[in-house]
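Geometric and topological summary
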Amino acid sequence: MNQCDETNNDDDINRSFNNLTMNEPKNAFELHEAYTTIEPVKNGLVNKHDQFMQVLVSFRKLNGKVISGDFITEDRAIALDHLYGFIQEAKSAAKPGSVKATKWQFRYSIHRSYDRTLDDLFDAYLRWATVPVETGEYSQLINVSMAFRRLEVYAGWLEDVGEVLV
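Reference entry: report on the structure contained in this document. Source: prediction; values computed, not measured.

In this structure, L83, W104, F106, F122, L126 and L151 are the most contacted members of the largest nonpolar core, which totals 23 residues. Not counting residues up to four positions away in its chain, the partners in contact with L151 are L83, I87, W104, F106, F122 and Y125.

For helix α5 (residues 76–93), with 18 residues, the first-to-last C-alpha span of 26 Å sits near the 26 Å given by 1.5 Å per residue. Looking at the buried side of α5, the elements it contacts are β1 (72–73), α7 (118–128), β3 (140–143) and α8 (144–165). At the N-terminal boundary of α5, the capping side chain belongs to D75, with an oxygen 2.8 Å from the backbone nitrogen of A77.

Further remarks concern the pattern of salt bridges. Counting across every chain of the model gives five salt bridges. For D123, the salt bridge is made with R76, and the minimal N-O distance between the two is 3.5 Å. Note that D123 is positioned in helix α7 and R76 in helix α5, a separation of 47 residues in sequence. In this structure, R127 engages D123 in a salt bridge whose closest nitrogen and oxygen atoms are separated by 2.9 Å. Placement of the pair is R127 and D123 together in helix α7, with a separation of four residues, close to one helical turn. A relative accessible area of 52% places R127 in the exposed class. Looking at D123, the relative accessible area reads 18%, which means it is buried.

Thresholds, definitions, all that
- Residues numbered from 1 in each chain as written.
- Predicted model: local features only at pLDDT ≥ 70, side-chain atom pairs only at ≥ 80, totals over all residues.
- Heavy atoms only, no water.
- Core = buried A, V, L, I, M, F, W, Y, C linked by side-chain atoms within 4.5 Å.
- Buried < 20%, exposed > 50% of the residue type's maximum accessible area, 1.4 Å probe, protein only.
- Contact = heavy atoms within 4.5 Å.
- Helix = DSSP H or I, 4+ residues; strand = E, 2+ residues; numbered from the N terminus.
- Expected span 1.5 Å × (residues − 1).
- Polar contact = N/O pair within 3.5 Å; in protein donor to acceptor, adjacent residues only side chain to side chain.
- Salt bridge = Lys/Arg side-chain N within 4 Å of Asp/Glu carboxyl O.

These figures capture arrangement, not role.
Rendered as structure tokens:
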């Protein structure tokens, strides 16, 4: 792999994006095609497989999916209680002191910097997992399981890169 300074690499990437003539990618295949046409990737200045896979995994996790057995409710208070319950179950299942256990401390989360609480953070994930309903008795439904899965990814990411963020 070739070495270059960051400035040249950034300039090459920006120039490549500016010269890109493809339409906006609409699926993973088109995204990969667009990504591999960027000059630094073609020239081996960046490892296209590792970085592309990170981007692809991130794109796939943007939208949650409903899985059979998900806990869904219309009440935000009940949703928050169940989210805390899911977190407690995950903590209990993890070996004490392990990354799987410590990630739930949210020790690197920036919510405190904005005078927010963990409830505020959890509520944001519940809002993300809320779907408006046009028919029926309720105006919205909250998929608590989906919110938990997304929160679990965030907690793990924080634990992995948190020291860099602080």
